[in-house]
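# A structural walkthrough
Here is what each chain is made of, one letter per residue.
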Amino acid sequence: MPRRIGRPGLIGTMARTAVISGTATAVSGGVARRQAGRAQSRQQQQYLEQQQAAQVQANEAQLASMQAQLAAAQAQPAVVEAAPGGGDDMMAQLQKLAEMKNAGILSDSEFAAAKAKLLSS
């Protein structure tokens, strides 16, 4: 059977179409995967930024709380030290110091110093 010269036959055209179609599918699949990967990276970056912002806010709130406690601790001993020493009055002041220590306003060393000063007066 003689071969045809010139334009391809039906099988050749189908084969060429299949190759072109397969190549187009592979290219479009690669583009879709790359776009999905980029979208996922953006979402991860946004999530990390949100987490960092939340952590910063939590740290700022904790810092403000600690500053308020420090200011309260600095103000409270001044009131206790200014009060005159006496029997029942001294007991009330010791109870106030104990309450402030239990509340976490005074540290152990601050409590000991205030107690010693109160008892020495």
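Take the overall build of the protein next. In terms of helices and strands, the protein carries three helices and zero strands. Burial analysis of the protein (121 residues in total) assigns 10% to the buried set. Carbon and sulfur atoms make up 58% of the accessible area of the protein, which totals about 9800 Å².

In this section: the packing of aromatic side chains. Scanning all chains against the criterion turns up zero aromatic pairs. One residue, Lys101, lies across the ring of Phe111, its end atom 5.4 Å from the ring centre.

The predicted model of the protein has a mean per-residue pLDDT of 83, with 86% of residues at 70 or higher. Element-level mean pLDDT values for the protein span from 83 in helix H2 (residues 87-103) up to 87 in helix H1 (residues 10-82).

What follows covers helix H3 (residues 108-120). Two residues of an α-helix separated by three or four positions point the same way, owing to the 3.6 residues in each turn. Taking 1.5 Å per residue as the helical rise, H3 with its 13 residues ought to reach 18 Å, and the 18 Å between its terminal C-alpha atoms agrees with that figure. Residues Phe111, Ala114 and Leu118 constitute the buried set of H3. Buried residues of H3 fall within an arc of 70° about the axis and therefore sit on the same side. The outward face of H3, more than 90 degrees from its buried face, is lined by the exposed residues Asp108, Ser109 and Ser120.

About the cut-offs
Residues numbered from 1 in each chain as written. Predicted model: local features only at pLDDT ≥ 70, side-chain atom pairs only at ≥ 80, totals over all residues. Heavy atoms only, no water. Helix = DSSP H or I, 4+ residues; strand = E, 2+ residues; numbered from the N terminus. Buried < 20%, exposed > 50% of the residue type's maximum accessible area, 1.4 Å probe, protein only. Areas by Shrake-Rupley, 256 points an atom, 1.4 Å probe, with all protein chains shown as cover. Phe/Tyr/Trp six-rings, centres within 6.5 Å; stacked < 30°, edge-to-face > 60°. Lys NZ or Arg CZ within 6 Å of the ring centre and 35° of its normal. pLDDT = per-residue confidence, 0-100. Expected span 1.5 Å × (residues − 1). Arc of directions from axis to C-beta.

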